[in-house]
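Below are the chains, spelled out letter by letter.
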Amino acid sequence: MWVGVVSLFPEMFDAITRHGVTGRAVSQGRIALEFWNPRDYASDRHRTVDDRPYGGGPGMLMKVDTLRAAIHAARERASEATGRSPRVVYLSPQGRRLDQQGVSELASGPPLVVVAGRYEGIDERIVESDIDEEWSIGDYVLSGGELPAMVLIDAAARLVPGVLGHQDSAVEDSFNEGLLDCPHYTRPEEIDGRRVPDVLLSGHHGEIRRWRLKQSLGRTWLRRPDLLEGRSLSAEQQKLLEEFIEEYAL
Ligand SMILES: Nc1nonc1C(=O)N[C@@H]1CC[C@H](O)C1
């Protein structure tokens, strides 16, 4: 997976390029990240990358010419590196809310150029002319688009074949089945009197699978019933959820 990143702080992305699952994927060449910093396109002595908003008010916007130059350079490189025109996405609270479905769509589409805003954001005319899609990681305001960009890239990278050591762990992740994840346990068998559920010590893989699915369904029912709305459950899933609800009511 190739991703172009437009950011004033490319060094922030060390968090995903040098650590963990994504860092390994980069070192193995399964993921390639390339960076364009608008500051490199500044021609003035102070290498200005921000500008004042028309209409006044607090805060600044990203300067148009340096941002556009960086986006255009990233677009060109995307086509050169992948042979396909990129999808340019901008992270902002005004965007479509990112969820696993959205991650899957983005990961399976054209190569991505991810634009990370700073200050109060970017000129609307750039959104109209240079941005293909606007995405949000949630209803809160951050200092920059770099963390949202890393969230998106990390989630997309996990879907690239071979990135996860044990491919199933992607499937068992929350939201891959559209359900919340089941509880997980590791050594020791008891912590302050709290024991690991016996089924997980039984070695009965079929029972363990059913227990985990039941817990996922039950947790989703308790914590995120919206995820179950309009969702058709298999006969097994329906039975397990009904069992969970009965036990919960006791
Ligand atoms: N929530 C979010 N999901 O994606 N991006 C954000 C976000 O808060 N962006 C900041 C707004 C102004 C600053 O430029 C960056």
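Residues numbered from 1 in each chain as written. Predicted model: local features only at pLDDT ≥ 70, side-chain atom pairs only at ≥ 80, totals over all residues. Heavy atoms only, no water.

Caption draft 1: Up close: the nonpolar core. In terms of nonpolar packing, the biggest core is built from 24 residues, with V3, F13, V89, L106, V114 and I153 touching the most fellow members. Contributing elements (two or more residues each) for this core: β1 (2–6), β5 (87–97), α4 (100–108), β6 (112–116) and α6 (146–157). Top element by residues in this core is α6. It accounts for 7 residues. Sequence-distant contacts of V114, defined by excluding residues within four places in its chain, comprise V3, G4, V5, V6, V89, L91, A149 and L152. In this structure, L67, A78, I122 and I131 belong to the second largest nonpolar core, which totals 19 residues. (Core = buried A, V, L, I, M, F, W, Y, C linked by side-chain atoms within 4.5 Å. Buried < 20%, exposed > 50% of the residue type's maximum accessible area, 1.4 Å probe, protein only. Helix = DSSP H or I, 4+ residues; strand = E, 2+ residues; numbered from the N terminus. Contact = heavy atoms within 4.5 Å.)

Caption draft 2: View of the site of the ligand. Taken together, 17 residues lie around the ligand, and Y119, I137, G138, Y140 and L142 are the ones closest in. S92 has a polar backbone atom sitting 3.3 Å from an oxygen atom of the ligand. With respect to the ligand, the backbone of I137 contributes an N or O atom lying 3.0 Å from a nitrogen atom. When the free accessible area of the ligand is taken as 370 Å², the share hidden by the protein chains comes to 95%. The set of elements that each furnish at least two residues to the shell around the ligand consists of β5 and β7 (133–136). The leading source of residues in the shell around the ligand is β5, at 3 residues. When its residues are assigned to classes, the shell around the ligand shows 9 nonpolar, 7 polar and 1 charged. (Near = heavy atom within 4 Å. Polar contact = N/O pair within 3.5 Å; in protein donor to acceptor, adjacent residues only side chain to side chain. Areas by Shrake-Rupley, 256 points an atom, 1.4 Å probe, with all protein chains shown as cover. Nonpolar A, V, L, I, M, F, W, Y, C, P; charged D, E, K, R; others polar.)

Caption draft 3: A nonpolar patch on the surface, seen in detail. A surface patch of nonpolar side chains, amounting to about 280 Å² of accessible area, comprises Y140, L142 and L147. Among the secondary structure elements, L142 is positioned in the loop between β7 and α6. Taking relative accessible area as the criterion, L142 reaches 36% and is therefore assigned partly exposed. (Patch = residues over 30% accessible without salt bridge, like charges linked within 9 Å, V, L, I, M, F, W, Y side chains within 5 Å. Salt bridge = Lys/Arg side-chain N within 4 Å of Asp/Glu carboxyl O.)

Caption draft 4: Geometry of α4. Restricting attention to buried positions, one finds in α4 the residues G102, V103 and L106. Here the buried residues of α4 occupy an arc of 100° about the axis, which is enough to place them on one side. Elements that come into contact with the buried residues of α4 comprise β5, β6, β7 and α6. (Arc of directions from axis to C-beta.)

Caption draft 5: Region of the structure containing the UniProt feature "binding site: S-adenosyl-L-methionine" (unreviewed entry) in the protein. What UniProt calls "binding site: S-adenosyl-L-methionine" (unreviewed entry) maps, in this numbering, to G117, I137, G138, D139, Y140, V141 and L142. Classification of G117 by relative accessible area gives buried; the value is 8%. The residues contacting G117, other than those within four sequence positions of it, are M62, Y90, G144, G145 and E146. Locating G138 in the fold gives a position in the loop between β7 and α6. (UniProt positions renumbered as here; feature names shortened; annotations may be inferred.)

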